[in-house]
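Single-letter residue listing:
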Amino acid sequence: MRKVLAALAFLTLGLAQELVVLTHSSFSLDKALIARFQEETGIRLRFLKGGDAGETLNKAILSKGAPIADVLYGFDNTFLSRALEADILLPYVSPEIRNLRSELLLDPSFRAIPVDYGFVSLNYDRAYFRGKALPQRPEDLARPEYARLLVVENPATSSPGLAFLMATVARFGEDGYLDFWARLRDGGVRVAKGWSEAYYTHFTLHGGDRPLVVSYTTSPAAEVYYSEGKYKEPPSGNLFPELAFFQVEFVGILKGTKNLEAARRFVDWLLSRPVQENIPTEMWVYPARRDARLPEVFRFTPPPAGAVRLDPARMAANRERWIEEWTRVVLQGQDPEAVRAGRR
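Presented here is an overview of the structure given in this document.

1. Some points on the overall build of the chain
When helices and strands are counted, the chain shows 14 helices and 11 strands. The globule rule puts the C-alpha radius of gyration for 344 residues at 20 Å, and the 21 Å found for the chain is close to it. Projected onto its principal axes, the C-alpha positions of the chain cover 65 × 55 × 30 Å. Across the 344 residues in the chain, those meeting the buried criterion constitute 56%. For the chain, long-range pairs separated by at least 24 residues make up 77% of all intrachain contacts whose partners lie at least 6 apart in sequence. A total of about 14,600 Å² of accessible surface is found on the chain, and carbon and sulfur atoms cover 52% of it. Averaging the coordinates of the 44 positive side-chain charges in the chain and doing the same for the 42 negative ones gives two points 2 Å apart.

Right, here's the structure in full:
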């Protein structure tokens, strides 16, 4: 009967047979949920992974006018203004928006609809630091004995990398953040292209040689969840809640889609309670819905008090300059004072 109804829905509503969703590489949802959506709607989903969040957004912008997908998921508040200024998204006021946390509604034009939120944070490997001193304050990270233990993501291509850069701007100020990064550079900090490379290649917990990594506050809970009983307590921990960065991820319908009605139904489904309650143990972020329940394993990762929440207008006005300045200092080895002089 369900298949018959799905076929009827397809015929009567004129829905697309296939809907292409462009996502970042960390996108994941339960396959049974996806199968149920396809069966009930007659819409077949194809997920196109575009790399890290920044890379994925760039692909959506570069294909403006001839979009490679119908829906874009995973751009965050650090890249929000870039997505809106590029004018690649259609407005959509989903009926599910009334169920979302109001503090996540950062786009009054409703072209970017919040799906989840989380906190980018510094993780450390507990086993590595057993018997060794941890850095006591964020400034200590720039000391050579800690800088050479740290791996970060490139903020030009990685949303957690950009979030961490912005957290350092908030911590050290416009005049001080480049000096902090120059000390990290001189001390031997490693820069990875994206989160997956940083966490699964370079972090000591997964066989790398860096026991400090920029990741998420929920990563320690994820380690317990996937350990199949090996860990009763997280093998990693979070450092410096004052450097944790509040991150919101969005979905938007791409201009030029020929499957508008199907795209709207997908967005509604993404915001539905069953999907929202699946998100925490699939992508390790918090659901945007107020009434979504959290899994028990999230008791290991309470939201950090005092996390950095930058004003969207400030991020929009300075994001490209911060990335450029960071690139000149960290990747090109330029002197921070010379870079600051270039602002005048």
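2. Some words on helix 10 (residues 219-226)
The buried count for helix 10 comes to 6 of 8 residues, which makes it a mostly enclosed element. Buried within helix 10 we find Ser219, Pro220, Ala221, Ala222, Glu223 and Val224. Where helix 10 is buried, its residues contact strand 5 (113-125), helix 9 (195-202), strand 8 (212-216) and strand 9 (236-239).

3. Thoughts on the pairing of strand 5
With 13 of its 13 residues buried, strand 5 lies for the most part within the structure. Strand direction decides the pairing type here: strand 5 and strand 10 (residues 245-254), joined by 7 bridges, are antiparallel. Paired with Ile113 across the strands is Val251, a residue of strand 10. In terms of strand pairing, strand 5 meets strand 11 (residues 286-287) through 2 bridges, oriented antiparallel. Of the residues in strand 11, the one forming a bridge with Asp116 is Pro287. Both strand 5 and strand 8 contribute to a ladder of 5 bridges, which runs antiparallel. Opposite Leu122, over in strand 8, you have Val214 as the bridge partner. Bridging between strand 5 and strand 9 involves 4 bridges; their strand directions are antiparallel.

4. Some remarks on the pairing of strand 8
Across a regular strand the side chains alternate sides, sitting on one face of the sheet and then on the other. Most of strand 8 is tucked away, with 5 of its 5 residues classed as buried. The pairing of strand 6 (residues 150-153) with strand 8 spans 2 bridges and is classified as parallel. Note that in strand 8 the partner of Val151 across the bridge is Val213.

5. Here we look at the nonpolar core
For soluble globular proteins, nonpolar side chains are generally found buried alongside one another. Residues Leu19, Trp181, Phe245, Phe266, Trp269 and Leu270 are the most contacted members of the largest nonpolar core, which totals 111 residues. By residue number, the principal contributor to this core is helix 7 (residues 159-172), which donates 8 residues. Ignoring any residue separated from it by four or fewer positions in sequence, one finds Leu270 in contact with Leu29, Tyr73, Val115, Val251, Val275 and Gln276.

6. Examining the pattern of salt bridges
Under the definition given, this model contains 25 salt bridges. We note a salt bridge from Glu320 to Arg82, for which the minimum N-O separation is 2.8 Å. Placement of Glu320 in helix 13 (residues 312-331) and of Arg82 in helix 4 (residues 80-85) is noted, with a sequence separation of 238 residues between them. Judged by its relative accessible area of 39%, Glu320 is partly exposed. With a shortest N-O distance of 3.3 Å, Arg293 and Glu277 are connected by a salt bridge. Of the two residues, Arg293 sits in the loop between strand 11 and helix 13 while Glu277 sits in helix 12 (residues 273-283), which places them 16 residues apart along the sequence. In this structure Arg293 comes out as exposed when scored by relative accessible area, which is 56%. Linked through salt bridges whose partners overlap, the residues forming this network are Arg137, Asp140, Arg143 and Glu145.

7. Concerning the side chain of Ser215
The residue Ser215 is located in strand 8 in this model. Taking relative accessible area as the criterion, Ser215 reaches 0% and is therefore assigned buried. Excluding residues within four positions of it along the chain, Ser215 makes contact with Phe119, Val120, Ser121, Asn123, Trp195 and Tyr199.

8. Regarding the packing of aromatic side chains
Per the counting criterion, the structure on display carries 28 aromatic pairs. Ring geometry for Phe119 and Phe246: centres 5.8 Å apart, planes at 45°, overall tilted. In this pair, Phe119 sits in strand 5 while Phe246 sits in strand 10, placing the two residues 127 residues apart along the sequence. Judged by its relative accessible area of 3%, Phe119 falls in the buried class. Between Phe172 and Phe180, the ring centres sit 4.3 Å apart and the planes meet at 20°, which makes this aromatic pair stacked. Aromatic rings pair up to connect Tyr117, Phe119, Tyr225, Tyr226, Phe246, Trp284, Tyr286 and Phe298 into one cluster. Here the guanidinium or amino end of Lys132 rests over the ring plane of Tyr128, the centre of that ring lying 4.4 Å away. Over the face of the ring belonging to Phe246 we find Arg309, whose NZ or CZ atom lies 3.9 Å from the ring centre.

Conventions we followed
Residues numbered from 1 in each chain as written. Predicted model: local features only at pLDDT ≥ 70, side-chain atom pairs only at ≥ 80, totals over all residues. Heavy atoms only, no water. Helix = DSSP H or I, 4+ residues; strand = E, 2+ residues; numbered from the N terminus. Rg over C-alpha atoms; globule rule 2.2 N^0.38 Å. Buried < 20%, exposed > 50% of the residue type's maximum accessible area, 1.4 Å probe, protein only. Contact = heavy atoms within 4.5 Å. Areas by Shrake-Rupley, 256 points an atom, 1.4 Å probe, with all protein chains shown as cover. Lys, Arg positive; Asp, Glu negative; His and termini not counted. Charge placed at Lys NZ, Arg CZ, Asp CG, Glu CD. Pairing = 2+ DSSP bridges. Core = buried A, V, L, I, M, F, W, Y, C linked by side-chain atoms within 4.5 Å. Salt bridge = Lys/Arg side-chain N within 4 Å of Asp/Glu carboxyl O. Phe/Tyr/Trp six-rings, centres within 6.5 Å; stacked < 30°, edge-to-face > 60°. Lys NZ or Arg CZ within 6 Å of the ring centre and 35° of its normal.

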